[in-house]
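Notes for the structure review
Below, each chain spelled out in residue letters.
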Amino acid sequence: GQQVMQIPQYQHVQEGEDFTTYCNSSTTLSNIQWYKQRPGGHPVFLIQLVKSGEVKKQKRLTFQFGEAKKNSSLHITATQTTDVGTYFCAPYSGGGADGLTFGKGTHLIIQP
Amino acid sequence: DAGVIQSPRHEVTEMGQEVTLRCKPISGHNSLFWYRQTMMRGLELLIYFNNNVPIDDSGMPEDRFSAKMPNASFSTLKIQPSEPRDSAVYFCASSRMTGPSGTEAFFGQGTRLTVV
């Protein structure tokens, strides 16, 4: 399956601070999806990026796909306690029997 | 649609026993995935099916694990015999398609397996 490095593994922030997680690949990706998993819950789809340099926004969340399609980021502006959870990237490189594999995730912990 | 349905939600079993986890994907979805999640290893893809056919089972940890999809609306993941290290949350997910034109995956609530 596709190997990616997702950093950081853990991130502690004060409520109201910004948060960013990165997903880096050594190979070019066809697309990348992002998911969020609340504590005790299941992963929930957030967005899919397909085009080089693509930027998509969902309220306080901004998703970017690198120009070379080898990295992606998720940025949250002014975090809220409802943002707590683990954020996963799920890249697809194409060209084979690759299933939907996930990075290790970034655990976001918010201190009120 | 009720979403992806997994059963049971919780399973506690003794080492050596057979365990069967069940999944009903969303109707019309052609791809089905089984995952195992632990703190140490994260969310691991065990196996996935396209149109009921197993495509990649390279993530299945060993021969004690097997998965089937006899029809488009049902899949099972079986562990026989179970061991304490199999304790984890097992997720099933489905999507309309995977690959370069892949679509979002919908996850079930998961089965929390504890092997004692």
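From a predicted model like this one, the values you see are computed outputs, not experimental measurements.

Analysis parameters
- Residues numbered from 1 in each chain as written.
- Chains lettered and ligands numbered in written order.
- Predicted model: local features only at pLDDT ≥ 70, side-chain atom pairs only at ≥ 80, totals over all residues.
- Heavy atoms only, no water.
- Contact = heavy atoms within 4.5 Å.
- Buried area = accessible area lost by both parts, 1.4 Å probe.
- Salt bridge = Lys/Arg side-chain N within 4 Å of Asp/Glu carboxyl O.
- Polar contact = N/O pair within 3.5 Å; in protein donor to acceptor, adjacent residues only side chain to side chain.
- Helix = DSSP H or I, 4+ residues; strand = E, 2+ residues; numbered from the N terminus.
- Disulfide = S-S within 2.5 Å.
- Buried < 20%, exposed > 50% of the residue type's maximum accessible area, 1.4 Å probe, protein only.

1. Focus on the interface of chain B and chain A
Note on interface size: it is often stated as the accessible area lost on association of the parts. Taken together, the contact between chain B and chain A spans 22 residues of the former and 20 residues of the latter. Between chain B and chain A the total buried area reaches about 1,600 Å² when both faces are included, carbon and sulfur atoms providing 55% of it. Counting across the chain B and chain A interface gives zero salt bridges. At the junction of chain B and chain A, the tally comes to five residue pairs in polar contact (both at pLDDT 80 or more). Put simply, the parts of the chain that give the side of chain B that touches chain A at least two residues each are β4 (31-38), β5 (42-50) and β6 (53-56) of chain B.

2. Some remarks on the state of the cysteines
Two cysteines form a disulfide when their sulfur atoms are joined by a covalent bond. Evaluated as defined, the whole model comprises two disulfides over all chains. Each sulfur in the disulfide pair Cys 23 of chain A and Cys 89 of chain A lies 2.0 Å from the other. On the sign convention where negative means left-handed, the S-S torsion of about 60° between Cys 23 of chain A and Cys 89 of chain A marks this disulfide as right-handed. Highlighted residues: Cys 23 of chain A in strand β3 (residues 19-25) and Cys 89 of chain A in strand β9 (residues 85-92), separated in sequence by 66 residues. You'll find Cys 23 of chain A and Cys 89 of chain A in the same group, each marked buried. What pairs with Cys 23 of chain B in a disulfide is Cys 92 of chain B, and their sulfur atoms sit 1.9 Å apart. Taking the sign of the S-S torsion, about -65° here, the bridge from Cys 23 of chain B to Cys 92 of chain B comes out left-handed. In this pair, Cys 23 of chain B is assigned in strand β3 (residues 19-24) and Cys 92 of chain B in strand β9 (residues 88-95), connecting sequence segments 69 residues apart. Residue class for Cys 23 of chain B comes out buried when judged on its relative accessible area of 1%.

Honestly, it's all geometry; don't read function into it.
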